[in-house]
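Listed below, chain by chain, are the residues.
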Amino acid sequence: MAAGLGVSIPAAGLLVTAYALGMIVGGPVVTVLTARLARKPLIAALVTVSVVGNLGSALAPNYAILLPARFLAGSVVATFFAVAIATAVGMAPAGRQASTVAKVAVGMNLGIVLGTPIGTFIGQHGSPTSAGSPPAVSPCCWSTAPARSPGTSSAAGWRTGR
């Protein structure tokens, strides 16, 4: 990766740091700035920013574009986790909130634990598709989340903010 970008190995390693800084620095800022927004449009916006950041990473022609794209992609992760958990608690039947949060946490962690080595494997075997995988599958969230959220039976809920 470093050779392909024309940077040193430590500079290439900063791409991981940029994503982590996006989560740690950007996450609280995004959360504070979006705290009063309705959850459905917020989730759609967070997924959109994630897609843009990951697509920017996949298509970045150079390190100067790739580094901020990694930061952008990481900046919405913490807020998405918080909103997903709060939404799950709100949708859970009485007395089942804890197990619902556990299921959400397991799903999110499985995505990371399984997705990272799969992406690494794909990337190490010469395919650039691993960087494009997150933006390729993220639109599933736009089509399935509204239908599964309370107060709506279609994607119309995204527009109304219910």
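In this text, all values refer to a predicted model and were calculated from it rather than measured experimentally.

### Some points on the side chain of T100
Thinking step 1. In this structure, T100 sits in helix α6 (residues 97-124).
Thinking step 2. A polar contact is formed between the side chain of T100 and the backbone oxygen of R96, at a distance of 2.8 Å.

### Here we look at the confidence of the model for the protein chain
Thinking step 1. For the protein chain, the mean per-residue pLDDT works out to 80, and 77% of the residues sit at or above 70.
Thinking step 2. Mean pLDDT in the protein chain bottoms out at helix α9 (residues 156-160), which sits at 38, and peaks at helix α4 (residues 63-75), which reaches 93.

### Details of helix α2 (residues 9-34)
Thinking step 1. When the terminal C-alpha atoms of α2 are compared, their 36 Å separation across 26 residues agrees well with the 38 Å that a helix rising 1.5 Å per residue should span.
Thinking step 2. A bend of about 45 degrees at G26 is the largest found in α2, and the proline P28 appears one to four places after it.
Thinking step 3. Within α2, burial applies to A11, A12, L15, A18, G22, G26, G27, V30 and T34.
Thinking step 4. Lining the buried residues of α2 we find α1 (2-5), α3 (39-59), α4 and α5 (77-91).

### Observations concerning α4
Thinking step 1. With 13 residues, α4 should cover 18 Å at 1.5 Å per step; its first-to-last C-alpha distance of 18 Å lies within 8% of that length.
Thinking step 2. Inspection of α4 places Y63, L66, A69, R70, A73, G74 and S75 among the buried residues, and these make up the whole buried set.
Thinking step 3. The inward-facing, buried residues of α4 abut α1, α2, α3 and α5.
Thinking step 4. Measuring from the backbone nitrogen of A64 back to the side-chain oxygen at the start of α4 gives 3.1 Å, which picks out N62 as the cap.

### Considerations on a nonpolar patch on the surface
Thinking step 1. On the surface, a cluster of nonpolar side chains totalling about 550 Å² of accessible area is made up of V106, L110, I112, V113, L114 and I118.
Thinking step 2. Tracing the backbone through its elements, the reader meets I112 in helix α6.

### A closer look at the packing of α2 against α5
Thinking step 1. Viewed as axis vectors pointing N to C, α2 and α5 meet at an angle of 55 degrees, and their least axial separation amounts to 6 Å. As summarised for this structure, α2 and α5 are arranged oblique, according to the angle between their axes. Along the contact surface, α2 presents Y19, M23, G27, V30, T31 and T34, while α5 presents V77, A78 and T79.
Thinking step 2. Here the residues of the contact of α2 with α5 sort into 5 nonpolar, 4 polar and no charged.

### Some words on the nonpolar core
Thinking step 1. Judged by nonpolar contacts, V30, L42, I43, L46, V47, V51, V76 and V83 together constitute the single largest core of 8 residues.
Thinking step 2. When residues of this core are assigned to their parent elements, the largest contribution, 5 residues, is made by α3.
Thinking step 3. Beyond its immediate stretch of four places on either side in the chain, L42 contacts T34, L37 and V83.
Thinking step 4. Counting 5 residues, the second-largest nonpolar core is a separate cluster that includes A11, A60, Y63 and L66.

What counts, and where the lines are drawn
- Residues numbered from 1 in each chain as written.
- Predicted model: local features only at pLDDT ≥ 70, side-chain atom pairs only at ≥ 80, totals over all residues.
- Heavy atoms only, no water.
- Helix = DSSP H or I, 4+ residues; strand = E, 2+ residues; numbered from the N terminus.
- Polar contact = N/O pair within 3.5 Å; in protein donor to acceptor, adjacent residues only side chain to side chain.
- pLDDT = per-residue confidence, 0-100.
- Expected span 1.5 Å × (residues − 1).
- Bend = angle between axes of the 7 residues up to and from the residue.
- Buried < 20%, exposed > 50% of the residue type's maximum accessible area, 1.4 Å probe, protein only.
- Contact = heavy atoms within 4.5 Å.
- Patch = residues over 30% accessible without salt bridge, like charges linked within 9 Å, V, L, I, M, F, W, Y side chains within 5 Å.
- Areas by Shrake-Rupley, 256 points an atom, 1.4 Å probe, with all protein chains shown as cover.
- Salt bridge = Lys/Arg side-chain N within 4 Å of Asp/Glu carboxyl O.
- Axes fitted to C-alpha atoms, helices over the stretch in contact; angles between N-to-C directions.
- Parallel < 35°, antiparallel > 145°, perpendicular 65-115°, else oblique.
- Nonpolar A, V, L, I, M, F, W, Y, C, P; charged D, E, K, R; others polar.
- Core = buried A, V, L, I, M, F, W, Y, C linked by side-chain atoms within 4.5 Å.

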